[in-house]
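# Tertiary structure, described
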Amino acid sequence: MSVGGFDLLEEPWVPVRWADGVEGERPEQVGFVQLLSRAHEIAGLAVTEPPAHAALLRVLYALTIRVTGLDQVGTVEEDWTERRQDLWDAGRLPASGIEEYATRHAHRFLVFDPVGGRPWMQDPRLEKQCDPAKAAGVNKLIVTRPAGNNHAWFRHGSDADPDLPTVSDAVLNLLVWHYWGPAGRCSTREVDGEKTASVVAGPLRTALSYHPVGASLFETLLAGLVPPRRSDQPGEDHCPWETEELPDPASPPKEPKGPCSRLTGRSQHALLLVPDDDSSDGRGTPTLVRDAYITWAHRTGRMARDDDFLIWQISQLGNRYARPADSGRALWRDLDALLLKDPVSSAQARRPTVFSWAAELSEDLGVRALGFEQDGQAKDKQFVDASTPPVLGFVEERVPRTSNPIARLRALGESYGFRLDRALKRAWTTYVRDPKSDADAWTKPAAARYWPAAEEQFWAVFRSLSRRPGAVDVGFDHKEAGGAFLRHAEAAFDEVTRGVTGSQRGAKAVFEARAGLRRTPKKDPHQG
């Protein structure tokens, strides 16, 4: 353990949840070495901010590839899947691989490195290339805090006298900036005599990231791996902390050469954390961060957006884009896009690549969706975090698409939700006799009633379906499921309109619009 630098390999900083029945020491936070060594005893990460959770998972996937030797089997998929299956059967990550990797790169996992000059996932050159008097500050670094002149919604603080974050919080938020960082104006950085203060958005900006989840962190990490592509160049596939030289900020970013660089080397932002020396412990290791530099990493160019954990879909103009995080959209509405091999909607949504490979390991894997509802520039809105029970037993390869109920069930739930919205708008317009009047007074409370009930209905039907591989009839009744969603829509409609049915005009408006909920549904397209 390096004194004074805060060693991420050994110092406790990653929050974890231990599996039930684990004996011995169970610290709330662990370093990378203990996390990997005891991944089979850890239920999962306990990182509270969803974008930090998803970012850390990508780092852990890359470390898993390294310590297991999956980066040494070449680009032949059969060899890779066989090696991964052997690891799965072993039930834990190899101790020898963890020890060898940690020893070889021990000097590259220091949060503060004034001697070696390579702090982890940071650029030490910012101390000279940026104006120290205009550093971003820790309130800017911690994405849940108000900074500058922004309003304080959840906590009070000021840039002049901020609450200093722990090193753990600072590093987790550093990762959020690398993956979800905003575009636009940033701290001025001077390189080769030229000053620039503009940055492009991070690689996951606005996106919702989908991850397979197992019974332990060990299963989650192996299930989250994707084999190398035949065009990859394993010898040039490096994580940022593994490279011999820091990247040239005056040059365009280099495209990834393999799985590890795709997972960890796509940032558009450069950061540097400044330790609070007054917080040093008995070994001289700072425990708090006093300041932070945040600026652009590359003056020109940007990498092509590519990620194995996103749902990719096609816009009306024919452009490919990642499905955005939406705090108002429940995860069950994405399930068909996660499980079916081919697109099933007008958006031509394609499932994340990772799910094609995760399903080969186990059908008892669930899904965790993690993201940040944002605009494409600098406005952050709300975190998104949702989970499913085990669902990968229903990937299209296991259950033929001709009888797969997931898309039909999702479509039914959504169609009655949309009918409810239209019916309420029609009733409102008729009742108030003002076509420009907003129907939110009815549609929003109705949506708050319908969509949670529809989600419960979806999972109730889902749990009753057969998991038999190759099953022709999985036990899905389209008419019965539609009737259940209809009853939830009618209940929500009646609840929000009850207050106006005492008048003749209100009763007439409600009666006529309610009939729209029961119009004859379209024939199930999956039946002959």
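These lines cover the structure that appears in this document, whether it is placed above or below. Computed from a predicted structure; not experimentally measured. (Residues numbered from 1 in each chain as written. Predicted model: local features only at pLDDT ≥ 70, side-chain atom pairs only at ≥ 80, totals over all residues. Heavy atoms only, no water.)

Attention shifts here to the overall build of the chain. Per the secondary structure count, the chain includes 15 helices and twelve strands. Against the compact-globule benchmark of 24 Å for 528 residues, the chain has a radius of gyration of 26 Å, which places it among compact chains. Overall, the C-alpha framework of the chain stretches about 80 × 55 × 50 Å when taken along its three principal axes. For the chain, the residues scored as buried account for 53% of the 528 residues in total. Long-range pairs, those at least 24 residues apart, make up 74% of the contacts in the chain with a sequence separation of at least 6. Accessible surface, the chain: about 24500 Å² in total, of which carbon and sulfur atoms supply 49%. (Helix = DSSP H or I, 4+ residues; strand = E, 2+ residues; numbered from the N terminus. Rg over C-alpha atoms; globule rule 2.2 N^0.38 Å. Buried < 20%, exposed > 50% of the residue type's maximum accessible area, 1.4 Å probe, protein only. Contact = heavy atoms within 4.5 Å. Areas by Shrake-Rupley, 256 points an atom, 1.4 Å probe, with all protein chains shown as cover.)

Further remarks concern helix α15 (residues 504–514). For α15, the set of buried residues is G506, A509, V510 and A513. Taken end-on, α15 shows its buried residues confined to a sector of 95°, consistent with a single buried face. In α15, those exposed residues whose orientation departs by more than 90 degrees from the buried face are Q504 and F511. Considering only its buried residues, α15 is in contact with α12 (406–432) and α14 (478–497). (Arc of directions from axis to C-beta.)

Here three strands make up an open sheet; going across it, the order is β6-β11-β12 and the pairing antiparallel. Both outer strands of the open sheet, β6 (208–213) and β12 (380–387), are each paired with one neighbouring strand and no more. Each strand axis lies, on average, 10° off the axis of its neighbour in the sheet, ignoring direction. Strand direction decides the pairing type here: β6 and strand β11 (residues 366–374), joined by six bridges, are antiparallel. For P212, the partnering residue across the bridge sits in β11 and is V367. Lying over the sheet, helix α2 (residues 50–68) contacts β6, β11 and β12, oriented at roughly 125° with respect to β11. (Pairing = 2+ DSSP bridges. Axes fitted to C-alpha atoms, helices over the stretch in contact; angles between N-to-C directions.)

Our next topic: α12. With 27 residues, α12 ought to run about 39 Å at 1.5 Å a step, and its terminal C-alpha atoms sit 39 Å apart, in line with that. One or two steps after α12, the chain reaches R433, where phi turns positive at roughly 60°. (Expected span 1.5 Å × (residues − 1).)

A word on the pattern of salt bridges. Counting across every chain of the model gives 30 salt bridges. Here D307 and R58 are joined by a salt bridge, their closest N and O atoms 2.9 Å apart. Taken as a pair, D307 in the loop between β8 (289–296) and β9 (312–314) and R58 in helix α2 lie far apart in primary sequence, 249 residues in all. Among the residues examined, D307 registers a relative accessible area of 10% and is labelled buried. Where D375 meets R205, a salt bridge forms, and the shortest distance between an N and an O atom there is 3.7 Å. A residue pair is termed long-range when its members are at least 10 positions apart, and D375 in the loop between β11 and β12 and R205 in the loop between β5 (194–199) and β6 qualify at 170 residues. With relative accessibility at 27%, the residue D375 sits in the partly exposed group. R205 gets classed as buried once you look at its relative accessible area, which sits at 3%. Sharing partners across several salt bridges, the network here consists of R323, R329, R333, D334, D336, R410 and E414. (Salt bridge = Lys/Arg side-chain N within 4 Å of Asp/Glu carboxyl O.)

Moving on: the sheet that holds strand β1 (residues 14–18). Spatial strand order, β2-β1-β3: three strands in an open sheet with antiparallel pairing. Either end of the sheet is taken by a strand with one partner, and the two such strands are β2 (29–30) and β3 (42–45). In this sheet, β2 lies alongside β1 in antiparallel orientation, the contact comprising two bridges. Within β2, the position partnered with P15 by the bridge is Q29.

Counting through the fold element by element, P445 comes out in helix α13 (residues 440–464). Considered as a pair, P445 and S356 are 89 residues apart in the sequence and their alpha carbons are 38 Å apart.

F32, L35, L45, L56, W120 and L273 are the most contacted members of the largest nonpolar core, which has 139 residues in total. If you tally residues by element for this core, the top one is α2, at twelve residues. What W120 contacts, discounting residues up to four positions off in sequence, is L8, F32, V59, R108, F109, L110, V171, L175 and W241. Of all hydrophobic cores here, the second largest spans eight residues; its members include C130, A135, L272 and A297. (Core = buried A, V, L, I, M, F, W, Y, C linked by side-chain atoms within 4.5 Å.)

This part takes up the environment of V143. Among the structural elements, V143 can be located in the loop between α6 (138–141) and α7 (167–180). Taking the C-alpha atoms as reference, V143 lies 7.9 Å from V176; in sequence the two are 33 residues apart. Ignoring sequence-local partners within four residues, the contact set of V143 consists of N173, V176, W177, F372 and F383.

If you check the backbone angles, M121 has positive phi at about 60° while not being a glycine. Mapped onto the secondary structure, M121 falls in the loop between α4 (95–104) and α5 (126–129). For M121, a relative accessible area of 8% gives the class buried. Positive phi, close to 60°, is recorded for R433, a residue that is not glycine. Take R433: it is sitting in the loop between α12 and α13. The class of R433 is exposed, set by a relative accessible area of 62%.

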